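Read off the chains here:
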Amino acid sequence: MSESTFLDILEPWDGVGVLVRRDHPTGTWIFVAIHDDTLGPATGGLRMKVYDRPEDGLRDALRLSEGMTYKWAAMDFPFGGGKTVLAIPRPLDDDERRGLMLRFGALLNSLGGRYGTGADLGTTTRDMQTIAEVSEYVIGVHGRSEGPMDPSPFTALGVFAGIRAAVEHRFDSADLSGRSVFVQGVGAVGAPLAGHLADAGARVLVSDADAAAADRVARACSGSVIAPGHVYSTECDVYAPCAVGATLNTRTIPELRCSIVAGAANNQLETREDAERLSERGILYAPDYVINGGGAMAFTLIYQGLEPISAVENRVLSIGSHLKRIFEESARTACSPLEAARSQAERTLRRGPLDSEMSTFGDIQGRFTR
Ligand code: NAI
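Residues numbered from 1 in each chain as written. Predicted model: local features only at pLDDT ≥ 70, side-chain atom pairs only at ≥ 80, totals over all residues. Heavy atoms only, no water.

Caption draft 1: Summary view of the domain arrangement of the protein. Segmentation of the protein into domains returns domain 1 (6-132) and domain 2 (152-335). A separation of 27 Å is found between the C-alpha centroids of domain 1 and domain 2. Contacts between domain 1 and domain 2 engage nine residues on the former and 13 residues on the latter. Summing the contributions of domain 1 and of domain 2, the shared interface buries around 910 Å²; its carbon and sulfur component is 70%. Our count for the contact surface shared by domain 1 and domain 2 stands at zero salt bridges. In this assembly, domain 1 and domain 2 are joined by two residue pairs in polar contact (both at pLDDT 80 or more). Partitioning the side of domain 1 that touches domain 2 into residue classes produces seven nonpolar, no polar and two charged. (Domains from an automatic or database assignment. Contact = heavy atoms within 4.5 Å. Buried area = accessible area lost by both parts, 1.4 Å probe. Salt bridge = Lys/Arg side-chain N within 4 Å of Asp/Glu carboxyl O. Polar contact = N/O pair within 3.5 Å; in protein donor to acceptor, adjacent residues only side chain to side chain. Nonpolar A, V, L, I, M, F, W, Y, C, P; charged D, E, K, R; others polar.)

Caption draft 2: Looking closely at the pairing of strand β7 (residues 180-184). Most of β7 is tucked away, with five of its five residues classed as buried. Of the two faces of β7, the one holding Ser180, Phe182 and Gln184 and the one holding Val181 and Val183 are both buried throughout. For β7 and strand β8 (residues 203-207), the ladder comprises five bridges, and the chain directions are parallel. What sits directly across from Val183, in β8, is Val206. Note on the crossover from β7 through helix α6 (residues 190-199) to β8: the handedness is right-handed. By the bridge criterion, four bridges tie β7 to strand β10 (residues 238-241) in an arrangement that is parallel. Looking across to β10, one finds that Val183 is bridged to Ala240. (Buried < 20%, exposed > 50% of the residue type's maximum accessible area, 1.4 Å probe, protein only. Helix = DSSP H or I, 4+ residues; strand = E, 2+ residues; numbered from the N terminus. Pairing = 2+ DSSP bridges. Right-handed = clockwise from strand over helix to strand, strands pointing away.)

Following this line, the structure appears as structure tokens:
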């Protein structure tokens, strides 16, 4: 079978456009995908990864930028969907990496604020600080002077609020005491999430490819470790995928013994139809791009100057009430929560921006938190 070319991959895509550039010093393909700018300037992370073929990097950029459109629309934040993929040919040394980031910063400037970025898989806040040396279109460097900011604790807080909302919808009480929650993946998000759950009285089960990490977190929250081979068949009230994507599919969904799926991982469903499969099994699903938006939300609010941090946390906790509305619409219209979330986001996109003057990153700075 012949492999797809750039043109094959781009042909069905209905986004605004893609900036493609070859970075000759490192042999990197740069893909800046702007999917939609209805609500504001396209905004989404900078992913750096070695792909088998650069075409796979382009495919990722297109798919992820579309995901960002829905993520921002779900929050009703004045941003559009965008994503950059740096398809590197091999791991880069420090000097090469710095050079690439600076050249990418110059490329960002050429877009004049129509796209802004932040850290993502394979890039760090340090990379963002390098880009910030030459470009203002980067968030996550915390005012450029106060040091880097980690979104993960905010993501964990948002997921925690989402779990409570799902538990309330399913069991008519948000009380987590005695409820069992299984956190798969106890990294930067899963570990603080396990802590919040334990503090709220939940019985915490954890699993991680890194057995030592699983042990450490289980001990810290008086929880239990589940062996990786028993993840899907373990009985629990809530399964919280916080490791990798596509854990919900035709193979795992029939095995699940939970009432709710609500976790941080991106792209939890292997296909969109898996949302229906969960509904058919009576399992309540919290759409990933809604429940895991806390980090992006906090990043943005802090960048916009919202203080104190408790105000940012309160906004992140509002993910719970947003999910409640999605669950209610899903119940009322007999569609899956995924479809209800998509409908809500599409209504927001059709409505358009609340402030049409905010069309670039520069316009937004300092105005959004009024
Ligand atoms: P992380 O890399 O810090 O933690 C992931 C954990 O999962 C690690 O402890 C790793 O050992 C474990 N793991 C990896 N593969 C596994 C497997 N097959 N089975 C069990 N455990 C496995 O990542 P982080 O930042 O905690 O993110 C977790 C998920 O949440 C990812 O899917 C990420 O894309 C998503 N996410 C993270 C956000 C953030 O603010 N960090 C924001 C939105 C989504």
